[in-house]
Amino acid sequence: PSAEGPLTTAEPQTIGRVHSVPPLAVDEGMKGDENKYDLQQPVDIHFTNTLHTPAVDESKIVVTPAIPDMKVTISGSVISFLGRKKGKTTYTFKFLEGCLEDIYCQQNATLELSVDVNSPIPCMQPLRHGDTIVVPYSKEEALKGTSKDPFVGFNAGTYALSYAAVNVPKIAYTAWVVDPATHYTCFRKRFSLAPTPNNLCTESEWMAVWAKHCNLTAAHEGELDLSKQEEDTPYQVNINVAPFLKEGKGHVVFLVKGQGERARDSVVWVQATSLGCTVFTSSGCCFASITELETGKPISGATIKGMEEGTNSDGIVQLPRSRTFAPLLATYNGESTFTGSEVRTECWEDCPNTPSYAFTDRGLYKPGETVCVKGVHRERTIKDNLYSLATPAEGTYSWKCNLNGKEIGEGTMESGPHGSWDFRIALAEDVALGYANVQVFSADNKRVCNVGFKVAEFRTPEYEVQC
């Protein structure tokens, strides 16, 4: 008899596509290059189906040997394992029966997978990014030199250039004391000074040509032997900036060279200053604002290179249209500060009526450290289109911090008489690694500014480079 039953079809019929779901298992086609991972990478294990995250029982996931500070994250069909892994080690991941469930309500049978973690490729990266960084002036810090504390409050910046390194046997550096009015434009254009095509020159060769062009002699050359540091463990290196400054203020260019495949040469212009310089526009006009970094107090009478007019009582000066400042250099009482990039006054977007900005003491932190955030608030006067202290300058603000899309902290703070405020974010020892964003809100819950930072693993400093 026909499988259709007594009422058979007169003609053949086609039924629409039927999709069957495979059993929940490890996706053999997504294991990577022979299950080998670099130490800096998370171990990603791919499964055949999308996982139902709330149903995953992490207590039944066994990793041998154990990974200290292990964190498990789930995204779609991938489970990622973060933590302080060791190089040259084979890890076994065992998923006991029923500890996983996919979106089709299927559970797993017992699964086991081994992966090899290689030693990390030697690498080095600055803890504060960019080829120009600011060290907030502090008389106390300038006197005692480099502090082991990554940041000693807003009134005491660390006079140190810091790097995170792993498996780098040696770091060498050269320092030049410089004047931004004379040397910065050439510093930005140093790549065009090289006698050979750029792709044939190293950063060291570019800097040698730049120093010769500017008739500069190195203030100091130093070297640090890191060969005795623990293998495969990230560590922090501090280079003392204070000896090259005059009473804690000044400008120094560093060329830092590390040995290793990814330990590329690093060039950083360090400016130790008590001045803050901000550029913004409103209604087609471009402005520069000069303030004290410590308090946010406006600086009256600061001069801008290339302009006759100085800043007004609110620390503001209007910049001419269709001008390029490279950089925008401000000077006050013999001290100078500048923007770390070229300023084209016709290219800026419009600012709101109440511009605010915030910054952190550095861009990279490890779990358990404290993030220091400082900000300044200003208010636009509609009548003359200038910016001044808000009325009143004091006020209540709130903040929220999100890491990888998850809120990890919130709080409130009061602004001072100069419209400035600061607060700290204590990172938990078991906080996730990734990128964080801090948003600041006014008393009426309007977002006024935001600032970001990164959380990563590296070891605290055990030594300092002294001149």
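Only a predicted model underlies this, so the values are computations on that prediction, with no experimental measurement involved.

Quick notes on the rules
- Residues numbered from 1 in each chain as written.
- Predicted model: local features only at pLDDT ≥ 70, side-chain atom pairs only at ≥ 80, totals over all residues.
- Heavy atoms only, no water.
- Phe/Tyr/Trp six-rings, centres within 6.5 Å; stacked < 30°, edge-to-face > 60°.
- Helix = DSSP H or I, 4+ residues; strand = E, 2+ residues; numbered from the N terminus.
- Pairing = 2+ DSSP bridges.
- Axes fitted to C-alpha atoms, helices over the stretch in contact; angles between N-to-C directions.
- Buried < 20%, exposed > 50% of the residue type's maximum accessible area, 1.4 Å probe, protein only.
- Arc of directions from axis to C-beta.
- Contact = heavy atoms within 4.5 Å.
- Polar contact = N/O pair within 3.5 Å; in protein donor to acceptor, adjacent residues only side chain to side chain.
- Core = buried A, V, L, I, M, F, W, Y, C linked by side-chain atoms within 4.5 Å.
- Salt bridge = Lys/Arg side-chain N within 4 Å of Asp/Glu carboxyl O.

### Some points on the packing of aromatic side chains
Link 1 in the chain: One pass over the full model with this rule turns up 16 aromatic pairs.
Link 2 in the chain: With a centroid separation of 6.0 Å and an interplanar angle of 35°, the aromatic rings of tyrosine 397 and tryptophan 421 are classed as tilted. With tyrosine 397 in strand β29 (residues 395–403) and tryptophan 421 in strand β31 (residues 420–426), the pair connects residues that are 24 residues apart, well separated along the chain.
Link 3 in the chain: Here tryptophan 399 and phenylalanine 423 contribute two aromatic rings whose centre-to-centre distance is 4.8 Å and whose plane-to-plane angle is 5°, an arrangement assigned as stacked.

### Some thoughts on the sheet that holds strand β22 (residues 335–338)
Link 1 in the chain: An order of β18-β21-β22 is seen for the three strands of this open sheet, with the pairing classed as antiparallel. Sheet topology places β18 (303–304) and β22 at the edges, where each strand pairs with a single neighbour.
Link 2 in the chain: The pairing of strand β21 (residues 329–332) with β22 spans four bridges and is classified as antiparallel. Looking at β22, one finds that threonine 331 is bridged to serine 336.

### Some details on the sheet that holds strand β10 (residues 160–166)
Link 1 in the chain: What the three strands build is an open sheet, ordered β8-β10-β13; its pairing is antiparallel. Edge positions in the sheet fall to β8 (123–126) and β13 (235–240), since each has one partner strand and no second. Ignoring strand direction, the axes of neighbouring strands in this sheet form an average angle of 30°.
Link 2 in the chain: Bridge count for β8 against β10 is four bridges, and the pairing is antiparallel. Bridge pairing in β10 places glutamine 125 opposite alanine 164.

### Some details on the pairing of strand β9 (residues 132–136)
Link 1 in the chain: Buried residues dominate β9, accounting for four of its five residues.
Link 2 in the chain: Pairing of β9 with strand β15 (residues 266–273) involves five bridges; the strand directions are parallel. Paired with threonine 132 across the two strands is tryptophan 269, which belongs to β15.

### Notes on helix α3 (residues 203–213)
Link 1 in the chain: Three or more residues of α3 are buried, namely Glu203, Ser204, Trp206, Met207, Trp210 and Ala211. Buried residues of α3 fall within an arc of 155° about the axis and therefore sit on the same side. Opposite the buried face of α3, at more than 90 degrees from it, the exposed residues are Lys212 and His213.
Link 2 in the chain: Considering only its buried residues, α3 is in contact with β11 (170–177), α2 (180–188), β14 (250–258) and β15.

### Points about the side chain of threonine 337
Link 1 in the chain: Locating threonine 337 in the fold gives a position in strand β22.
Link 2 in the chain: A polar atom in the side chain of threonine 337 sits 3.0 Å from the side chain of glutamine 271.
Link 3 in the chain: Discounting residues that sit within four places of it in the chain, threonine 337 has contacts with Gln271, Thr273, Leu275, Cys277, Leu328, Leu329 and Ala330.

### Observations concerning the nonpolar core
Link 1 in the chain: Core analysis: the biggest nonpolar cluster contains 26 residues, and Met124, Leu161, Ile171, Phe254, Val256 and Val270 have the highest contact counts within it.
Link 2 in the chain: Contributing elements (two or more residues each) for this core: β9, β10, β11, β13, β14 and β15.

### Focus: the pattern of salt bridges
In a structure, side chains of opposite charge can pair up when their charged atoms sit close to one another.
Link 1 in the chain: Tallying each qualifying case throughout the model produces three salt bridges.
Link 2 in the chain: Lysine 88 serves as the salt-bridge partner of glutamate 231, at 3.3 Å between the closest nitrogen and oxygen. One end of the pair, glutamate 231, is in the loop between β12 (220–225) and β13; the other, lysine 88, is in the loop between β5 (78–82) and β6 (89–95), and 143 residues separate them in sequence.
Link 3 in the chain: Judged by its relative accessible area of 48%, glutamate 231 is partly exposed.
Link 4 in the chain: Among the salt bridges present, the one from lysine 249 reaches glutamate 335, with a minimum N-O distance of 3.0 Å. Placement of the pair is lysine 249 in the loop between β13 and β14 and glutamate 335 in strand β22, with a sequence separation of 86 residues.
Link 5 in the chain: Here lysine 249 falls in the partly exposed class, since its relative accessible area comes to 27%.
Link 6 in the chain: With a relative accessible area of 9%, glutamate 335 lands in the buried category.

### Concerning unusual backbone geometry
Link 1 in the chain: The residue after threonine 64, namely proline 65, is reached through a cis peptide bond having omega -10°.
Link 2 in the chain: The backbone of glutamate 247 shows a phi angle near 55°, a positive value even though the residue is not glycine.
Link 3 in the chain: By secondary structure assignment, the location of glutamate 247 is in the loop between β13 and β14.
Link 4 in the chain: Glutamate 247 sits in the exposed class, given a relative accessible area of 69%.
Link 5 in the chain: Phi angles above zero are rare outside glycine, and asparagine 404 is one such case at about 55°.
Link 6 in the chain: In this structure, asparagine 404 sits in the loop between β29 and β30 (406–415).

### Examining α2
Link 1 in the chain: If you check which residues of α2 are buried, you get Pro180, His183, Tyr184, Cys186 and Phe187.
Link 2 in the chain: Those residues of α2 that are buried lie in contact with β9, α3, β14, β15, β21 and β22.
Link 3 in the chain: Residue aspartate 179 occupies the N-cap position of α2, its side-chain oxygen lying 3.1 Å from the main-chain nitrogen of alanine 181.

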